[in-house]
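This is what each chain is made of:
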Amino acid sequence: KAGVTQTPRYLIKTRGQQVTLSCSPISGHRSVSWYQQTPGQGLQFLFEYFSETQRNKGNFPGRFSGRQFSNSRSEMNVSTLELGDSALYLCASSEAGSNYGYTFGSGTRLTVV
Amino acid sequence: QKEVEQNSGPLSVPEGAIASLNCTYSDRGSQSFFWYRQYSGKSPELIMSIYSNGDKEDGRFTAQLNKASQYVSLLIRDSQPSDSATYLCAVNTGFQGAQKLVFGQGTRLTINP
């Protein structure tokens, strides 16, 4: 079974630009979550999608948005990039239900200059 | 008070000894708990999940849960140098099926040969 696939692996963007990150979950997994990981803040929850619906959202500004498609693939978008958005963005997928742990992808390393 | 708290370490343990990692959480309604291992430069990897009070064993790993004390722990027996990593405690604080894993800051574990 293929794992969680995130693209691209690395990105360098300029302040003020926008970026879209992509995530393909494990086949059969319908819940997809996104996390931001930084050395100072650790892993912080961005949002969770299930059946194309956002079920949960973390405490991030509206510049951070996402969506999920009918095949469970998900995208995350960050608009008007700031230097502080530089981080590792991790996507994780899970079977439905709160008792299943997440499997993480390898992440997208975003650098904002 | 942070939702999930761990000792940041570093925790240093000799090879062959038992490593003990601890975590406390604030949401009394949480029902599922997870331990992830993260090697430097890699994404988190799920190693244990626990939902009921008591112990759960899987190979050299034992997870312990005490909901009354809001406490989760991970024991690693016969520690190996390959166990050197950051260990992340995660608590699912979602409700009504929605998932939201809240992570602790992680404990950096070093196994000394």
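Just above sits the structure.
The following refers to the structure shown.

Summing up its helical and strand segments, chain B has 0 helices and 11 strands in all. Computed over the C-alpha atoms, the radius of gyration of chain B is 14 Å, within 12% of the 13 Å expected from 2.2 N^0.38 for a compact globule of 113 residues. By its C-alpha atoms, chain B is 45 × 30 × 25 Å across when sized along the principal axes. By residue count, 45% of the 113 residues in chain B fall in the buried class. Once local pairs closer than 6 in sequence are excluded, the contacts in chain B between residues at least 24 apart make up 53%. Surface summary for chain B: the accessible area is close to 5400 Å², and the carbon and sulfur share equals 46%. A distance of 5 Å separates the average location of the 10 positive side-chain charges in chain B from that of its 10 negative side-chain charges.

Turning to the nonpolar core, a few remarks are in order. Membership of the largest hydrophobic core comes to 24 residues, with the highest contact counts inside it found for W35(B), V72(B), L74(B), I76(B) and Y87(B). If you list the elements that add at least two residues to this core, you get β3 (19–25), β4 (32–38), β5 (45–50), β7 (61–66), β8 (71–76), β9 (85–92) and β11 (107–112) of chain B. Not counting residues within four places of it along the chain, the set of residues in contact with I76(B) comprises A17(B), I18(B), A19(B), L21(B), R60(B), F61(B), D83(B), Y87(B) and L109(B). Judged by nonpolar contacts, the second largest core, of 21 residues, contains W34(A), M76(A), V78(A) and Y89(A).

Turning our attention to the environment of E45(B). Residues and elements named next belong to chain B. Considering the arrangement of structural elements, one finds E45 in strand β5. The class of E45 is partly exposed, set by a relative accessible area of 36%. Remark: the alpha-carbon pair of E45 and Y87, spanning 42 residues in sequence, is separated by 9.4 Å. Not counting chain neighbours up to four residues away, the residues in contact with E45 comprise W35, Y36, R37 and Y39.

Applying the stated criterion across every chain, the model contains 8 salt bridges over all chains. The residue E45(B) makes a salt bridge to R37(B) at a minimum N-O spacing of 3.0 Å. On the basis of relative accessibility, which here comes to 12%, the residue R37(B) falls in the buried class. Through salt bridges with shared partners, a single network forms among R63(A), E82(A) and D85(A).

Attention now moves to the sheet that holds β3(B). All names here are of chain B. Taking strand neighbours across the sheet as the criterion, the 5 strands line up as β1-β3-β8-β7-β6 in an open arrangement whose pairing is antiparallel. For this open sheet the edge positions go to β1 (4–6) and β6 (54–58), each flanked by a neighbour on one side alone. Neighbouring strand axes in the sheet, compared pairwise and without regard to direction, differ in orientation by 20° on average. By the bridge criterion, 5 bridges tie β6 to β7 in an arrangement that is antiparallel. Counterpart to K56 in the pairing with β7 is A63.

Right, let's talk about the environment of E48(A) for a bit. Mapped onto the secondary structure, E48(A) falls in strand β5 (residues 42–50). For E48(A), a relative accessible area of 0% gives the class buried. Here E48(A) is in contact with S31(A), V32(A), S33(A), T53(A), Q54(A), R55(A), N56(A), Y102(A), A98(B) and Q99(B), once residues within four sequence places are set aside. Polar contacts involving the side chain of E48(A) include one to the side chain of R55(A), which spans 2.6 Å.

Residue and element names in this part refer to chain A. Across the sheet, 4 strands lie side by side as β1-β3-β8-β7; this open sheet has antiparallel pairing. Edge positions in the sheet fall to β1 (5–7) and β7 (64–68), since each has one partner strand and no second. Strand-to-strand twist in this sheet, taken as the mean axis angle between neighbours without regard to direction, amounts to 15°. Inspection of the sheet shows strand β3 (residues 19–24) paired to strand β8 (residues 74–78) by 5 bridges, in the antiparallel sense. Along β8, the bridge assignment pairs T20 with N77.

Parameters at a glance
- Residues numbered from 1 in each chain as written.
- Chains lettered and ligands numbered in written order.
- Predicted model: local features only at pLDDT ≥ 70, side-chain atom pairs only at ≥ 80, totals over all residues.
- Heavy atoms only, no water.
- Helix = DSSP H or I, 4+ residues; strand = E, 2+ residues; numbered from the N terminus.
- Rg over C-alpha atoms; globule rule 2.2 N^0.38 Å.
- Buried < 20%, exposed > 50% of the residue type's maximum accessible area, 1.4 Å probe, protein only.
- Contact = heavy atoms within 4.5 Å.
- Areas by Shrake-Rupley, 256 points an atom, 1.4 Å probe, with all protein chains shown as cover.
- Lys, Arg positive; Asp, Glu negative; His and termini not counted.
- Charge placed at Lys NZ, Arg CZ, Asp CG, Glu CD.
- Core = buried A, V, L, I, M, F, W, Y, C linked by side-chain atoms within 4.5 Å.
- Salt bridge = Lys/Arg side-chain N within 4 Å of Asp/Glu carboxyl O.
- Pairing = 2+ DSSP bridges.
- Axes fitted to C-alpha atoms, helices over the stretch in contact; angles between N-to-C directions.
- Polar contact = N/O pair within 3.5 Å; in protein donor to acceptor, adjacent residues only side chain to side chain.

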